[in-house]
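Each chain is listed here by its residues.
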Amino acid sequence: VPDKRCGRGLKKKSSPIKKIALGLNYTVYEPPDLRDLDFLSTINRIDADIFVVVAYRILPNSLISIPREGAINIHASLLPKYRGAAPIHRAILNGENETGVTAFKIQKTVDTGDILLQENYKLSKNITTGEAYDSLASIGAKLIITTLDRLEKNELISKPQDHASATSAPKITSDDCLIDWHKSTDIIHNQIRAFSPKPGAYTYFQKKRVKLFNSKIKNNSRTAALQPGEINYTNPCLEVGTGNGIIHIYEIQIEGKKRLSVSQFVVGLPQIKGDYFG
């Protein structure tokens, strides 16, 4: 990916991968167009055995047909489940208790290629997308090395995906992140952790957008029933009514401000107790 301009000065900034590659004296190519004939000619001259693709754009056939052994990809799900741009977010949003990483051969249609290796990963009931991403990235890095080693030794037989069992993981939208307090506690809890640390599940308070983080589901008989979106404060968390119970929120971020613990936030806005989200 070509360097991007960012920051106030709009200075060009290299990706972390490029910085590491240059530090290891690798040659880095940054084509603005993967179909560029000069770029394709350069790649042909490299005479690669195989391509490895991770978290990149869709490759044209003119590129993936170059290496003798084709191209392989690492995807953060147990394909054919959760094909698409947001497999970790969608798995957590749907309350899955397991996901994983898949190494597979790239075909023209996204995430449909034959499977080479997979590794499962358990999802705890409170894990966030950020936490799962870090773990799956580590698993994926090791899995790709294992895949390449076993391919070199002719120890792998690719397996076609069961397309009838496929599910999709489309890109996250703003509507996905908006909390409906009339839904169940489980659904709202999954939504908050699926969009943590970003883009953040959100609601509104006094016409301002508020992002919520670090939720827990706790049975607390001392808390009186709350209406959907109704807020109570019991240090160190907000207790918020849902469609079928109460959810506990421990971190909050009002638009234009920093993310804070609820106990810090309430000091500056004590009137939130007894009010409503929504």
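Placed above this text is the structure.
Values in this document were obtained by computation on a predicted structure and should not be read as measured data.

Quick question: what am I supposed to make of the pattern of salt bridges here?
Once their charged atoms are close, side chains differing in charge can pair, the charge on each being opposite to the other. If you walk through the whole model with that rule in mind, you get eight salt bridges. Where Lys18 meets Glu30, a salt bridge forms, and the shortest distance between an N and an O atom there is 3.0 Å. One end of the pair, Lys18, is in helix 1 (residues 16–23); the other, Glu30, is in the loop between helix 1 and helix 2 (37–46), and 12 residues separate them in sequence. One salt bridge in this structure joins Asp176 and Arg90, with 3.0 Å as the shortest N-O distance.

Hey, could you run me through the sheet that holds strand 4 (residues 71–75) in this one?
Backbone hydrogen bonds are what pair the strands of a sheet, in a parallel or an antiparallel way. Ordered by their spatial adjacency, four strands build an open sheet running 3-4-5-6, and the pairing between neighbours is mixed. Two strands lie at the open edges of the sheet, namely strand 3 (51–54) and strand 6 (115–122), each paired on one side alone. For this sheet the average axis-to-axis angle between neighbouring strands, irrespective of direction, equals 15 degrees. Strand direction decides the pairing type here: strand 5 (residues 98–105) and strand 6, joined by seven bridges, are antiparallel. In the strand pairing of strand 6, Thr99 is matched with Tyr121.

I keep staring at the packing of aromatic side chains and nothing clicks. Help me out?
With the rule as written, the count across this model stands at three aromatic pairs. On the basis of an interplanar angle of 15 degrees and a centroid distance of 5.8 Å, the ring pair of Trp181 and Phe277 is categorised as stacked. With Trp181 in the loop between helix 6 (174–177) and helix 7 (185–194) and Phe277 in the segment after helix 8 (262–268), this residue pair connects regions lying 96 residues apart in the sequence. Phe277 matches Trp181 in its accessibility class, with the two residues each being buried. Measuring from centroid to centroid gives 6.1 Å for Phe205 and Phe277, while their planes differ by 75 degrees, and the two rings are edge-to-face. Taken together, the positions of Phe205 in strand 7 (residues 201–205) and Phe277 in the segment after helix 8 put the pair 72 residues apart, joining distant regions of the chain. No difference in accessibility class separates Phe205 from Phe277, as the two residues are buried. Counting every residue linked through ring pairs, the aromatic cluster contains Trp181, Phe205 and Phe277. Of note, Arg209 hangs over the ring of Tyr202, and the distance from its end group to the ring centre comes to 3.8 Å. The cationic tip of Arg259 hangs over the ring face of Phe213; the distance from NZ or CZ to the ring centre is 3.9 Å.

Reading the values: the criteria
Residues numbered from 1 in each chain as written. Predicted model: local features only at pLDDT ≥ 70, side-chain atom pairs only at ≥ 80, totals over all residues. Heavy atoms only, no water. Salt bridge = Lys/Arg side-chain N within 4 Å of Asp/Glu carboxyl O. Helix = DSSP H or I, 4+ residues; strand = E, 2+ residues; numbered from the N terminus. Pairing = 2+ DSSP bridges. Axes fitted to C-alpha atoms, helices over the stretch in contact; angles between N-to-C directions. Phe/Tyr/Trp six-rings, centres within 6.5 Å; stacked < 30°, edge-to-face > 60°. Buried < 20%, exposed > 50% of the residue type's maximum accessible area, 1.4 Å probe, protein only. Lys NZ or Arg CZ within 6 Å of the ring centre and 35° of its normal.

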